[in-house]
Amino acid sequence: MKRVYNFSAGPAVLPEEVLTEAANEMLDYNGSGMSVMEMSHRSSVYQTIIDEAEQDIRDLLNIPDNYKVLFMQGGASLQFAMVPMNFMKNRKADYIITGQWAKKAYQEAQLYGTANAVASSQDKTFSYIPDCSDLPIDEDADYVYICENNTIYGTKFKTLPNTKGKNLVADVSSCFLSEPMDVTKYAYVYGGVQKNIGPAGVVIGIIREDMITDDVLPGTPTMCKFKTHADNGSMYNTPPCYGIYICGKVFKWLKKMGGLEVMKQKNEEKAALLYSFLDQSRLFKGTVVPQDRSIMNVPFITGSDELDAKFVKEATAAGFENLKGHRTVGGMRASIYNAMPYQGVADLVQFMEDFERKNA
Ligand SMILES: *Cc1c(COP(=O)(O)O)cnc(C)c1O
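Rules used throughout
Residues numbered from 1 in each chain as written. Predicted model: local features only at pLDDT ≥ 70, side-chain atom pairs only at ≥ 80, totals over all residues. Heavy atoms only, no water. Phe/Tyr/Trp six-rings, centres within 6.5 Å; stacked < 30°, edge-to-face > 60°. Helix = DSSP H or I, 4+ residues; strand = E, 2+ residues; numbered from the N terminus. Buried < 20%, exposed > 50% of the residue type's maximum accessible area, 1.4 Å probe, protein only. Lys NZ or Arg CZ within 6 Å of the ring centre and 35° of its normal. Expected span 1.5 Å × (residues − 1). Salt bridge = Lys/Arg side-chain N within 4 Å of Asp/Glu carboxyl O. Pairing = 2+ DSSP bridges. Axes fitted to C-alpha atoms, helices over the stretch in contact; angles between N-to-C directions. Contact = heavy atoms within 4.5 Å. Domains from an automatic or database assignment. Polar contact = N/O pair within 3.5 Å; in protein donor to acceptor, adjacent residues only side chain to side chain. Near = heavy atom within 4 Å. Areas by Shrake-Rupley, 256 points an atom, 1.4 Å probe, with all protein chains shown as cover. Nonpolar A, V, L, I, M, F, W, Y, C, P; charged D, E, K, R; others polar.

Moving on: the packing of aromatic side chains. Inspection of every chain in the model, using the stated rule, returns 22 aromatic pairs. Between Tyr-29 and Tyr-245, the ring centres sit 5.6 Å apart and the planes meet at 90 degrees, which makes this aromatic pair edge-to-face. Taken together, the residues Tyr-29 in the loop between α1 (16-24) and α2 (44-61) and Tyr-245 in helix α6 (residues 241-257) connect sequence positions 216 residues apart. Neither Tyr-29 nor Tyr-245 differs from the other in exposure class; each is buried. When the ring of Phe-126 is compared with that of Tyr-153, the centres are 4.9 Å apart and the planes differ by 55 degrees; the resulting orientation is tilted. Within this pair, whereas Phe-126 is found in the loop between β4 (114-120) and β5 (144-147), its partner Tyr-153 is found in the loop between β6 (149-150) and β7 (155-156), the two being separated by 27 residues in sequence. Comparing Phe-126 with Tyr-153, the two get one shared label, buried. The rings of Tyr-5, Phe-7, Phe-277, Phe-284, Phe-300, Phe-311, Phe-320, Phe-351 and Phe-355 are connected pair by pair, giving a single aromatic cluster. In this arrangement the basic side chain of Lys-124 is found over the ring face of Tyr-128, its NZ or CZ atom lying 5.8 Å from the centre.

Structure (structure tokens):
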């Protein structure tokens, strides 16, 4: 068996320990004589799996009792519609446009009401986070929306926007559980798990109880109401059972690692190694202003499309996979999520040094 260093933005690297455990339990989960994939979601064995998963993410993030944890499907992209369907009471919301995912959410919201772009960093190819300390927030805005870590462009909000008292809604898909987060600052926060937590097919939402209501936009499908999922313990219908089981294993792995303070420290160390190399390199350079750099997604370029392509090709051959930048921006991007070991980043930097020596 050969494992590569996988720098994919998502679906992405998972802890090897978790994969091994899942493999060992594939044919017979915990004496049940069946795989979790084959199990009724109404069984007590499965109920324990989802209950423990919920408790473990509550412990990791210190989620207060007045927030519900929802396990849903449809990817982050369905959330782009569910957010306005559930929260746009006045049919008005303010969006901060820091990349393609924020923009898609903003465009989707326009199907349901007036979505205002109150700030944007599109003028400089989303290479920074705009100043959000004093935005023209609409008096009637139902919420203010951000994409907290911009997977494609490699920026991250280091301070949350001043919403002037409005509810904050955030997509944290690519920074979920990478560091501690103060859940009380958000009315609703969600993420697709395939970036930093588990297999594609699960979205986790953390919602403040007063945001859960039957008062949704007319025509909202039952499956798109947060209340449906909240009232039924994420089991109104068959949940993505196997995916939730893997997420649960990752939560236990995170706890064993020491929790999110420790993960933050490890993630900062990995990111610092790569950024400090980029900052002194004669060939490679980062594309994001230093103060807004993500510690999860690190885009970089050589300045030459041919050299970029050569680098990606040679890196792949050397066992560093999925370093090609997003199809809309080009260049390279190293996604260094929780499960990427320090050694993976150290070896990548070594490889980049060698490449620079030969090509600069
Ligand atoms: C990947 C990603 C999405 C899209 O997720 P899907 O599950 O494919 O819909 C949305 N937002 C962010 C921040 C992402 O990284």
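Back to the write-up after that little detour.
For the rest of this paragraph, the subject is helix α3 (residues 75-87). Given a rise of 1.5 Å per residue, 13 residues ought to cover 18 Å, and the 18 Å separating the end C-alpha atoms of α3 matches this to within 8%. Most of α3 is tucked away, with ten of its 13 residues classed as buried. For α3, the set of buried residues is Ala-76, Gln-79, Phe-80, Ala-81, Met-82, Val-83, Pro-84, Met-85, Asn-86 and Phe-87.

This part takes up the pattern of salt bridges. On inspection of all chains with the given rule, the structure shows 25 salt bridges. Residue Asp-182 pairs with Lys-185 through a salt bridge whose shortest N-O separation is 3.3 Å. Here Asp-214 makes a salt bridge to Lys-225, at a shortest N to O gap of 2.9 Å. You can see Asp-214 sitting in the loop between β10 (203-208) and α5 (226-231) and its partner Lys-225 sitting in the loop between β10 and α5, a full eleven residues away along the chain. On the basis of relative accessibility, which here comes to 48%, the residue Asp-214 falls in the partly exposed class.

Before going further, it helps to spend a moment on the sheet that holds β10. Pairing is mixed across the open sheet formed by seven strands, whose spatial order is β2-β10-β9-β8-β5-β3-β4. Bordering the open sheet on either side are β2 (67-72) and β4, each of which pairs with just one other strand. Across the sheet, the mean angle separating the axes of adjacent strands is 20 degrees when strand polarity is ignored. Relative to β10, β2 is paired through six bridges, and the arrangement is antiparallel. Within β10, the position partnered with Lys-68 by the bridge is Ile-207. Of the strands in this sheet, β2, β3 (92-97), β5, β8 (168-171), β9 (188-192) and β10 are in contact with α3, which crosses β9 at around 160 degrees. Where helix α4 (residues 100-109) meets the sheet, its contacts fall on β3, β4, β5 and β8, and the angle it forms with β3 comes to roughly 160 degrees.

Turning our attention to the sheet that holds strand β14 (residues 332-335). Across the sheet, three strands lie side by side as β11-β12-β14; this open sheet has antiparallel pairing. The open sheet has two edge strands with one neighbour each: β11 (285-286) and β14. Relative to strand β12 (residues 297-301), β11 runs antiparallel, the two sharing two bridges. In the strand pairing of β12, Gly-286 is matched with Phe-300.

Glancing now at the domain arrangement of the chain. Assigned domains within the chain: domain 1 (17-257) and domain 2 (259-359). On a C-alpha basis, the centroid separation for the pair domain 1 and domain 2 is 27 Å. The partner domain 2 presents 27 residues to the 26 residues of domain 1 that form the contact. Our count for the contact surface shared by domain 1 and domain 2 stands at one salt bridge. Where domain 1 meets domain 2, there are 14 residue pairs in polar contact (both at pLDDT 80 or more).

Lining the immediate surroundings of the ligand are Gly-75, Ala-76, Ser-77, Phe-80, Trp-101, Cys-147, Asn-149, Thr-151, Asp-171, Ser-173, Gln-194 and Lys-195. Gln-194 places a side-chain nitrogen or oxygen 2.9 Å from an oxygen atom of the ligand. With respect to the ligand, the side chain of Lys-195 contributes an N or O atom lying 2.5 Å from an oxygen atom. Protein chains bury 86% of the 380 Å² of accessible surface belonging to the ligand in isolation. The element contributing the most residues to the shell around the ligand is α3, with four residues. Its residues assigned to classes, the shell around the ligand shows four nonpolar, six polar and two charged.

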